[in-house]
Amino acid sequence: MSITFLDVGQGDATLVSADGHHVLIDGGQARDDAIVPLRHKGIRQLDLVVATHAHADHTGGLISVLEDKPVDTLWYNGDEHTTQTFEAFLDAALDSEARYVEPTRGRTKALGGLEVTALHPGDDTQGSHLHDRNIVVRVSEGGCSAVITGDIETGGELGILSSSMEVDADVLELGHHGSRTSTGQRWLEAVDPDYAVTQYGEGNHYGHPHGEVLERVERAGAEMLGTGAHGTIRMRCSGGEWQARTEAQGPVVAGDREAEAAPGVPAEEPPAIEAEVGCIDLNAASAEALEEIVHIGSVRAEAIIDARPWSSVSELNAIHGLGPARVGDIKEQGEACVR
């Protein structure tokens, strides 16, 4: 079995190959993120494409894959989204001849000796945020195994652990690009990986990967790899023995620690991006647009509109259910702003 973690910047795209079969899990954001490497590898068709959830940094690159390559089966969780990228992804999926499946916990697709098993979501998994029902898969072949997580967060991790699913694996992709919202201690101990991989863009404004997550990985004794530091990561396993090749050398560095050390940036805040073009203005955005913000469902979107005007994103802690931790997540996501 080989696993290639494609360097797509601040996004996810993972190719798994074994016994002549190919599985693509997410495709990055840009149209060329996944299709160009697939062409270079001479891959003519895909047995399975997994779109973990609807965010553009995971589905954007799948559009050209679905348009260009024959795909036997497409796994997606069925969640709807309002962005143009998602609409284009949906159109490409409908126009392809791929068999569409909404997998839930325990569903397995066997491709020769390669097995792909859905660990999340469960049959009754609910949630107001797109990460809540993010698809997580375990891939295995012979004595080799890996868990690919997309943007699963700690609540989803605990949901998997409460089931009887096998989660231990040699390789673990850190959830949500190495964010502190993911890769909790219990999850890390249960998977017990030899290698931890995080997909992120160097210098991203979210501060990924976060230092506390890297510290947990270090304490767990796993070797840390990351696309932001190492470029595309190619891993191959035979008989339980893994070899990894990277395009670059050097340590995976905590993005939030770099931000804290940057001149003129307060230690307690990530680099400010509230004035970024295209951000979601709390004082002007529609309810539908506000729901793009993490932890903001329809009820909280209406509460934000009712409480206008806002002076800062920090004031969101006045909304019921938005404590300091969730407001921190909102700031980390970088979508919300006040103009």
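The structure this text deals with has already been given above.
Source: prediction; values computed, not measured.

Novice: Can you help me understand the state of the cysteines in this one?
Specialist: Such a bond, covalent and formed between the sulfur atoms of two cysteines, is termed a disulfide. Scanning all chains against the criterion turns up 2 disulfides. The partner cysteine of Cys-144 in its disulfide is Cys-237, sulfur to sulfur 2.1 Å. Taking the torsion about the S-S bond as the criterion, the Cys-144 to Cys-237 disulfide, at about -80 degrees, is left-handed. In this pair, Cys-144 is assigned in strand β10 (residues 144-148) and Cys-237 in strand β14 (residues 233-238), connecting sequence segments 93 residues apart. Like Cys-237, Cys-144 is buried. With its sulfur 2.0 Å from that of its partner, Cys-279 forms a disulfide with Cys-337. On the sign convention where negative is left-handed, the bridge of Cys-279 and Cys-337, at about 70 degrees about the S-S bond, is right-handed. On the criterion of sequence distance, the pair formed by Cys-279 in the loop between α9 (255-261) and β16 (280-281) and Cys-337 in strand β17 (residues 336-337) is long-range, its members being 58 residues apart. On the basis of relative accessibility, which here comes to 12%, the residue Cys-279 falls in the buried class. A relative accessible area of 0% means that Cys-337 is categorised as buried. Across the protein chain, the disulfide pattern expressed with sequentially numbered bonded cysteines is 1-2, 3-4.

Novice: Can you help me understand unusual backbone geometry in this one?
Specialist: The bulk of non-glycine residues show a negative phi, and the bulk of peptide bonds are trans. Cis geometry is found at the peptide bond from His-120 to Pro-121, where omega equals 5 degrees. Along the chain, Pro-121 falls in the loop between β8 (114-120) and β9 (136-141). The residue after His-208, namely Pro-209, is reached through a cis peptide bond having omega -10 degrees. Note on placement: Pro-209 falls in the loop between β12 (195-198) and α7 (211-220).

Novice: How do you make sense of the nonpolar core when you look at a structure like this?
Specialist: Note that soluble globular proteins tend to have their nonpolar side chains buried in a common cluster. If you look at the biggest cluster of nonpolar residues, it comprises 29 residues, and the most contacted ones within it are Met-1, Leu-114, Val-139, Met-235 and Trp-242. Core analysis: the second largest hydrophobic core is formed by 23 residues, Ile-35, Leu-46, Ile-63 and Phe-86 among them.

Novice: For this particular structure, what's the right way to read the sheet that holds strand β3 (residues 21-25)?
Specialist: Strand-to-strand pairing in sheets goes through backbone hydrogen bonds, with the strands running parallel or antiparallel. The mixed open sheet is built from 8 strands, whose spatial order is β6-β5-β4-β3-β2-β1-β14-β15. One side of each edge strand has no neighbouring strand; the edge strands of this open sheet are β6 (99-101) and β15 (241-246). Strand-to-strand twist across the sheet, computed as the mean angle between neighbouring axes with direction ignored, equals 15 degrees. In the sheet, strand β1 (residues 2-5) pairs with β14 via 4 bridges, with the strands oriented antiparallel. If you follow Phe-5 over to β14, its bridge partner there is Ile-233.

Novice: What is the right way to read the layout of surface pockets from this model?
Specialist: Once rolled over the atoms, a probe with the size of a water molecule shows which space is left empty. By volume, the largest pocket amounts to about 810 Å³. His-55, Asp-57, Tyr-206, Gln-333 and Glu-335 are the residues nearest the centre of the largest pocket, which is lined by 33 residues in total. Listing elements by their share of the lining of the largest pocket, those giving two or more residues are α2 (56-59), α4 (84-95) and α12 (324-333). The dominant element in the lining of the largest pocket, judged by the number of residues it contributes, is α12, at 3 residues. When the residues that make up the lining of the largest pocket are grouped by side-chain class, the tally is 8 nonpolar, 17 polar and 8 charged.

Novice: What am I meant to see in the packing of aromatic side chains here?
Specialist: Enumeration according to the criterion identifies 3 aromatic pairs in this entry. Here the aromatic rings of Tyr-76 and Phe-86 are separated by 6.0 Å at their centres, their planes lie at 40 degrees, and the arrangement is tilted. Of this pair, Tyr-76 sits in the loop between β5 (71-75) and α4 while Phe-86 sits in helix α4, placing them 10 residues apart in sequence. Relative to Phe-89, the ring of Phe-86 has its centre 6.0 Å away and its plane inclined at 45 degrees; by these criteria the two rings are tilted. One end of the pair, Phe-86, and the other, Phe-89, are both in helix α4, 3 residues apart, so they sit about a helical turn from each other. Taken together, the aromatic side chains of Tyr-76, Phe-86 and Phe-89 make up a single cluster linked through ring pairs.

Novice: Before we go on, may I ask you to explain the sheet that holds β12 in this structure?
Specialist: On the basis of which strands lie adjacent, the open sheet formed by 7 strands has the order β7-β8-β9-β10-β11-β12-β13 and mixed pairing. The open sheet terminates on both sides in strands that have one partner only, identified here as β7 (108-111) and β13 (223-226). In this sheet, adjacent strand axes meet at a mean angle of 15 degrees when their direction is disregarded. In this sheet, β13 lies alongside β12 in parallel orientation, the contact comprising 4 bridges. Within β13, the position partnered with Thr-198 by the bridge is Gly-226.

Novice: Which parts of the structure should I look at to understand a negative patch on the surface?
Specialist: Negative charge collects at one region of the surface, where Glu-80, Glu-87, Asp-91 and Asp-95 lie side by side. Mapped onto the elements of the fold, Asp-91 is located in helix α4. A residue is classified by how much of its surface remains accessible, and Asp-91, at 43% relative accessible area, is partly exposed.

What counts, and where the lines are drawn
Residues numbered from 1 in each chain as written. Predicted model: local features only at pLDDT ≥ 70, side-chain atom pairs only at ≥ 80, totals over all residues. Heavy atoms only, no water. Disulfide = S-S within 2.5 Å. Helix = DSSP H or I, 4+ residues; strand = E, 2+ residues; numbered from the N terminus. Buried < 20%, exposed > 50% of the residue type's maximum accessible area, 1.4 Å probe, protein only. Core = buried A, V, L, I, M, F, W, Y, C linked by side-chain atoms within 4.5 Å. Pairing = 2+ DSSP bridges. Axes fitted to C-alpha atoms, helices over the stretch in contact; angles between N-to-C directions. 1 Å grid on protein atoms, 1.4 Å probe; cavity = no way out; pocket = protein on both sides within 12 Å on 5 of 7 lines; lining within 4 Å. Points joined across faces, edges and corners; volume = space filled by probe spheres on them. Nonpolar A, V, L, I, M, F, W, Y, C, P; charged D, E, K, R; others polar. Phe/Tyr/Trp six-rings, centres within 6.5 Å; stacked < 30°, edge-to-face > 60°. Patch = residues over 30% accessible without salt bridge, like charges linked within 9 Å, V, L, I, M, F, W, Y side chains within 5 Å. Areas by Shrake-Rupley, 256 points an atom, 1.4 Å probe, with all protein chains shown as cover. Salt bridge = Lys/Arg side-chain N within 4 Å of Asp/Glu carboxyl O. Lys, Arg positive; Asp, Glu negative; His and termini not counted. Charge placed at Lys NZ, Arg CZ, Asp CG, Glu CD.

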